[in-house]
Number of protein chains: 2
Amino acid sequence: MRVPVPLRRAYQVINHGPTVLVGSAHGDKRNVMAAAWAMALDYDPPKVAVVIAADTYTRKLVDASAEFTLNLPTEAMLDVTWNVGSVNGEAVDKFSRFGVQTFPAQVVKAPLIDGCVGWLECKVIPNEALARDFGLFLAEVVAAQVEDSVFQDGEWRFGDSKQRTIHHLSRGAFLASGPLLRAKKL
Amino acid sequence: MRVPVPLRRAYQVINHGPTVLVGSAHGDKRNVMAAAWAMALDYDPPKVAVVIAADTYTRKLVDASAEFTLNLPTEAMLDVTWNVGSVNGEAVDKFSRFGVQTFPAQVVKAPLIDGCVGWLECKVIPNEALARDFGLFLAEVVAAQVEDSVFQDGEWRFGDSKQRTIHHLSRGAFLASGPLLRAKKL
């Protein structure tokens, strides 16, 4: 079941560095792409950083709307994740082409992606130089949700479920999120 | 065996979003801390982004030296990783306290950490506003190395080795890097 995460804990959704799907929209246009270069940036209010390259359709929509969503795809979504990261959304409607289903976000207009296990809604903190020089976007997280069957007490608990998150290496090779480990105080 | 990685492939070392150890030095002072908020930022020349909070000793050393290293600790280093992320290096020599061994970097003066499986040497791209407002540092990667028993053909191949990398969730809970998955073209 999809449940809200208190904003002060939103960083916990992406703290482990998974590859994400970036949802974007402007007017009646929308897009989805994959991004391995995303991370938390602050706790409270929560912020994130993500690289959105200049030559992408997502970039056009985010530049126009100043909003996006970060969605955490699963092992079950491995092929879709790689493929939406490999074609340009201006030429192809990736939602219909790859069977990507969406549902409405709570605060932003960009879509959330069905089948994912974590969802962050983000409003861009304007910084033209960062976008121009590095394709880097900083954003405040304004809403967060998780799939509670695999996220409990502020921790991802995937076991070896096909709902575990994935981490892109390169060229379509990914690592699944592995076993839970608990560090000890020394 | 530790082997160099061509700079254009340095992003592959951290593309999967592992938690890293940040090595820093200035004059005869040095420190090590853990950071989950680190990511690749560009391919060639390779760049990275990492959050180094204002209240850390690492921040003082990086502000003074404009250099740092990112080191990828392993499951075997789980406890050390969490503990060096939990105490301040100005009060405690974390190297002796936690038995952290180092070796010299090739280009920068900050130390590289023994027992890790990937090492990036980084020179800060100056940006005072980002550091002040977000604790965010952008840097160019000027040298990269990996442990070749677990990194082949540009891919991490950990299996279930204790040399696999780790991903911090929160409060000392980590996920190990899991199985290798290969996406298919749709």
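Our subject is the structure listed above.
Residues numbered from 1 in each chain as written. Chains lettered and ligands numbered in written order. Predicted model: local features only at pLDDT ≥ 70, side-chain atom pairs only at ≥ 80, totals over all residues. Heavy atoms only, no water.

## A word on the overall build of chain A
Quick note on the threshold: Only DSSP runs of H or I with at least four residues qualify as helices, and only runs of E with at least two residues qualify as strands; both kinds are numbered from the N terminus onward. Here the radius of gyration uses the C-alpha set of atoms, whereas the globule reference equals 2.2 Å times the residue count to the power 0.38. Whether a residue is buried, partly exposed or exposed follows from its accessible area with a 1.4 Å probe, protein chains only, as a fraction of its type maximum: under 20%, in between, or over 50%, in that order. Throughout, a residue-residue contact means that at least one pair of heavy atoms, one from each residue, lies within 4.5 Å. For the area figures, the Shrake-Rupley method with a 1.4 Å probe applies, and any residue is considered shielded solely by the protein chains shown. The sign given to each residue is positive for Lys and Arg and negative for Asp and Glu; His and the chain ends receive no count. The atom standing in for a charge is NZ when the residue is Lys, CZ when it is Arg, CG when it is Asp and CD when it is Glu.
Helix and strand counts for chain A come out as five helices and 14 strands. In terms of C-alpha radius of gyration, chain A reaches 16 Å, essentially the compact-globule figure of 16 Å for 186 residues. Along the longest, intermediate and shortest principal axes, the C-alpha atoms of chain A span 50 × 35 × 30 Å. Taking all 186 residues of chain A together, the buried fraction comes to 62%. In chain A, the share of contacts with a sequence separation of at least 24, taken over all contacts with a separation of at least 6, comes to 66%. Carbon and sulfur atoms form 50% of the exposed surface of chain A, whose accessible area is close to 7400 Å². Charged side chains of chain A number 20 positive and 20 negative; the gap between the two group centres comes to 3 Å.

## A closer look at the sheet that holds strand β14 (residues 173–182) of chain A
Put simply, the test is: A pair of strands counts as paired when DSSP detects no fewer than two bridges linking them. The convention used is that axes are lines fitted to C-alpha atoms, helices contributing only their stretch in contact, and that angles between N-to-C directions extend from 0 to 180 degrees.
The antiparallel open sheet is built from four strands, whose spatial order is β13(A)-β14(A)-β14(B)-β13(B). Either end of the sheet is taken by a strand with one partner, and the two such strands are β13 (166–170) of chain A together with β13 (166–170) of chain B. Neighbour-to-neighbour, the strand axes of the sheet open up by a mean angle of 40°, direction not taken into account. Examined bridge by bridge, β13 of chain B and strand β14 (residues 173–182) of chain B share four bridges and lie antiparallel to one another. Looking across to β14 of chain B, one finds that Ser-170 of chain B is bridged to Ala-173 of chain B.

## Examining unusual backbone geometry
Residue and element names in this part refer to chain A. The omega torsion of the bond from Asp-44 to Pro-45 falls at 0°, within 30 degrees of zero and hence cis. Of note, the phi angle at Arg-171 is positive, near 50°, even though the residue is not glycine. Structurally, Arg-171 is set in the loop between β13 and β14. For Arg-171, a relative accessible area of 55% corresponds to the exposed category.

## Let's talk about the interface of chain B and chain A
Heads up, the rule is: A quick way to say it: buried area is the sum, across both parts, of accessible area lost when two parts are put together, with a 1.4 Å probe. Any carboxyl oxygen of Asp or Glu that lies within 4 Å of a side-chain nitrogen of Lys or Arg is treated as forming a salt bridge with it. In protein, a polar contact requires one atom able to donate a hydrogen and another able to accept it; more generally it is a pair of N or O atoms within 3.5 Å, and residues adjacent in sequence count only if both atoms are side-chain atoms. As a working rule, the residues Ala, Val, Leu, Ile, Met, Phe, Trp, Tyr, Cys and Pro are called nonpolar, Asp, Glu, Lys and Arg charged, and the rest polar, with Gly in that last group.
Listed by partner, the interface residues are 59 residues for chain B and 59 residues for chain A. Of the roughly 5100 Å² buried where chain B meets chain A, counting both sides, 63% is carbon and sulfur surface. It is Trp-37, Leu-181 and Leu-186 of chain B that lose the most area in chain B upon contact with chain A, and together they represent 16% of the buried surface on that side. Counting across the chain B and chain A interface gives two salt bridges. For Lys-184 of chain B, the salt bridge goes to Asp-79 of chain A, with nearest N and O atoms at 3.5 Å. Applying the counting criterion to the chain B and chain A interface returns 28 residue pairs in polar contact (both at pLDDT 80 or more). A per-element tally of the side of chain B that touches chain A places β14 of chain B first, with 10 residues. When its residues are assigned to classes, the side of chain B that touches chain A shows 33 nonpolar, 14 polar and 12 charged. Pairing of β14 of chain A with β14 of chain B involves seven bridges; the strand directions are antiparallel. By the bridge assignment for β14 of chain B, Leu-180 of chain A is matched with Leu-175 of chain B.

## Focus: the pairing of strand β3 (residues 29–35) of chain B
All names here are of chain B. Bridging between strand β2 (residues 20–26) and β3 involves seven bridges; their strand directions are antiparallel. Looking at the pairing, Ser-24 lines up with Asn-31 of β3. Hairpin geometry of β2 and β3 is characterised by an intervening segment of two residues between the two adjacent antiparallel strands and by a positive phi of about 60° at Gly-27.

## With respect to the pattern of salt bridges
For the structure on display, the rule yields 20 salt bridges over all chains. Note that Asp-42 of chain B and Lys-47 of chain B form a salt bridge whose closest N and O atoms lie 3.3 Å from each other. Residue Glu-75 of chain B pairs with Lys-162 of chain B through a salt bridge whose shortest N-O separation is 3.0 Å. Here Glu-75 of chain B is found in the loop between β6 (67–71) and α3 (78–84), whereas its partner Lys-162 of chain B is found in the loop between β12 (155–156) and β13, with 87 residues between them in sequence. Its relative accessible area of 12% is what places Glu-75 of chain B among the buried residues. Classification of Lys-162 of chain B as exposed rests on a relative accessible area of 52%. Counted as one network, the salt bridges with shared partners bring together Asp-153, Glu-155, Arg-157 and Arg-182 of chain A.

## A look at the relation of the copies chain B and chain A
As a reminder, the rule being used: Copies are brought into register by a least-squares superposition over C-alpha atoms of residues with pLDDT of at least 70 in both.
When chain B is fitted to chain A, the residual RMSD is 0.0 Å, and the transformation amounts to a turn of 180° plus an axial shift of 0.0 Å. Both copies are brought into coincidence by an operation consistent with a two-fold rotation axis. When the interface residues of chain B are mapped onto chain A, 100% of them are again interface residues, pointing to one common binding face.

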